[in-house]
Amino acid sequence: MRIGIIGTGGMADALGTHWVRAGHEVLIGGRGEGRAAELAARMGAAGHGTPRAAAEFGDAVLLALPYEAGATVADELQVALRGRALIDCSNPVGPGFALLTEGGPSAARRLADAAPGAHVVKAFNLCHEDVWRMDPPVFDGRPLAVPVCGDDGGALDVVRELVKDAGCVPFAAGGLERAGLVEATAALFIGLWVGEKVDAQATAPPLAHAAGAPRAGAVTSP
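These figures come from a predicted structure and were not determined experimentally.

How each quantity is defined
Residues numbered from 1 in each chain as written. Predicted model: local features only at pLDDT ≥ 70, side-chain atom pairs only at ≥ 80, totals over all residues. Heavy atoms only, no water. Helix = DSSP H or I, 4+ residues; strand = E, 2+ residues; numbered from the N terminus. Buried < 20%, exposed > 50% of the residue type's maximum accessible area, 1.4 Å probe, protein only. Contact = heavy atoms within 4.5 Å. Core = buried A, V, L, I, M, F, W, Y, C linked by side-chain atoms within 4.5 Å. Pairing = 2+ DSSP bridges. Axes fitted to C-alpha atoms, helices over the stretch in contact; angles between N-to-C directions. Parallel < 35°, antiparallel > 145°, perpendicular 65-115°, else oblique. Left-handed = near helix turned anticlockwise from the far one by under 90°. Nonpolar A, V, L, I, M, F, W, Y, C, P; charged D, E, K, R; others polar. Phe/Tyr/Trp six-rings, centres within 6.5 Å; stacked < 30°, edge-to-face > 60°.

**Q** Got a minute to help me understand the environment of V198 in this structure?
**A** Position of V198 among the secondary structure elements: in the segment after α9 (179-196). Look at V198 and you get partly exposed, because its relative accessible area is 40%. Beyond its immediate stretch of four places on either side in the chain, V198 contacts L192 and W193.

What follows is the structure, given as structure tokens:
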């Protein structure tokens, strides 16, 4: 698969490295040619160039930019992004772990509005970049799960493949209208992890208890 990555930061590095190792052709696009060239060389990417070059190169495009820049760049590149799977890994989280999109469209929806021909998929936003650098991200023998939200079946298939190539398990989290819930989860978890120094994972019971604890002697329907 041909993957364009727009951005030269930690998420571009971590995810792009997994995808190069999986055999995909990756092109790094950045506003600073020096940083894009350095990152491409370090990960063994197919090449580097401008953000537009990355958008035009990829069957899938990872927008690895801060939330504040995403919609502007998507608008500038909307023609190049038409028909492509556009992966949004941003977190609209501000000071005090506040959700910056509260009361308005999600970050993913803003990208979809800015580039209406692209197939936006929300994924890879719940973990720090260093988690994505793990090869693979496995904890207590269980691979990391990645919620994936989107409306286009083909784009979802592409992103699920890329999740697996990073050593993770894709979880279907619904259409793009649910991306705001995933972003709000990130704001909550970051506040717990970073602000309170507690294990946010401990807030969720095992699946068998998700609808309540099993009761001794309970009769189940055939």
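**Q** What am I meant to see in the nonpolar core here?
**A** Taken as a class, soluble globular proteins show a tendency for nonpolar side chains to be buried jointly. Residues W19, V26, I28, F124 and W132 are the most contacted members of the largest nonpolar core, which totals 36 residues. Residues in contact with W19, not counting those within four places in the same chain, are I3, I5, H24, V26, L62, I87, F124, L162 and D165.

**Q** What is the right way to read the sheet that holds strand β1 (residues 2-6) from this model?
**A** Within a sheet, neighbouring strands are paired by backbone hydrogen bonds and run either parallel or antiparallel to one another. Across the sheet, which stays open at both edges, the 8 strands sit in the order β3-β2-β1-β4-β5-β6-β9-β10 with mixed pairing between neighbours. Every other strand in the sheet has two partners, leaving β3 (47-49) and β10 (169-172) as the edge strands with one partner each. The mean angle between the axes of side-by-side strands here comes to 25°, regardless of whether they run parallel or antiparallel. Judged from the 4 bridges that link them, strand β9 (residues 145-150) and β10 form a sheet pairing that is parallel. Bridged to P147 within β10 is F171.

**Q** Where do I start with the packing of helix α4 (residues 67-76) against helix α6 (residues 107-114) in this structure?
**A** For any two helices packed against each other, the geometry comes down to the angle between their axes and how far apart the axes lie. Running from N to C, α4 and α6 point in directions that differ by 20°, and their axes come no closer than 8 Å. With respect to each other, α4 and α6 are oriented roughly parallel. Once α4 is placed against α6, the crossing between them reads as right-handed. Contact residues: Y67, G70, A71, A74 and D75 in α4; A107, R110, L111 and A114 in α6. Broken down by class, the residue content of the contact of α4 with α6 amounts to 6 nonpolar, 1 polar and 2 charged.

**Q** Explanation requested: the packing of aromatic side chains in the structure shown.
**A** To describe a pair of aromatic rings, you give the distance between the ring centres and the angle between the ring planes. This model, assessed by the stated rule, comprises 3 aromatic pairs. Note on W19 and F124: the rings are 5.9 Å apart at their centroids and 70° apart in plane angle, and the pair reads as edge-to-face. With W19 in helix α1 (residues 10-21) and F124 in the loop between β6 (119-122) and α7 (129-132), this residue pair connects regions lying 105 residues apart in the sequence. The pair W19 / F124 is uniform in exposure class, with both members buried. Each ring, one from F124 and one from W132, has its centre 5.3 Å from the other, and the planes form 75°; the classification is edge-to-face.

On their own, these measurements won't tell you what the molecule is for.
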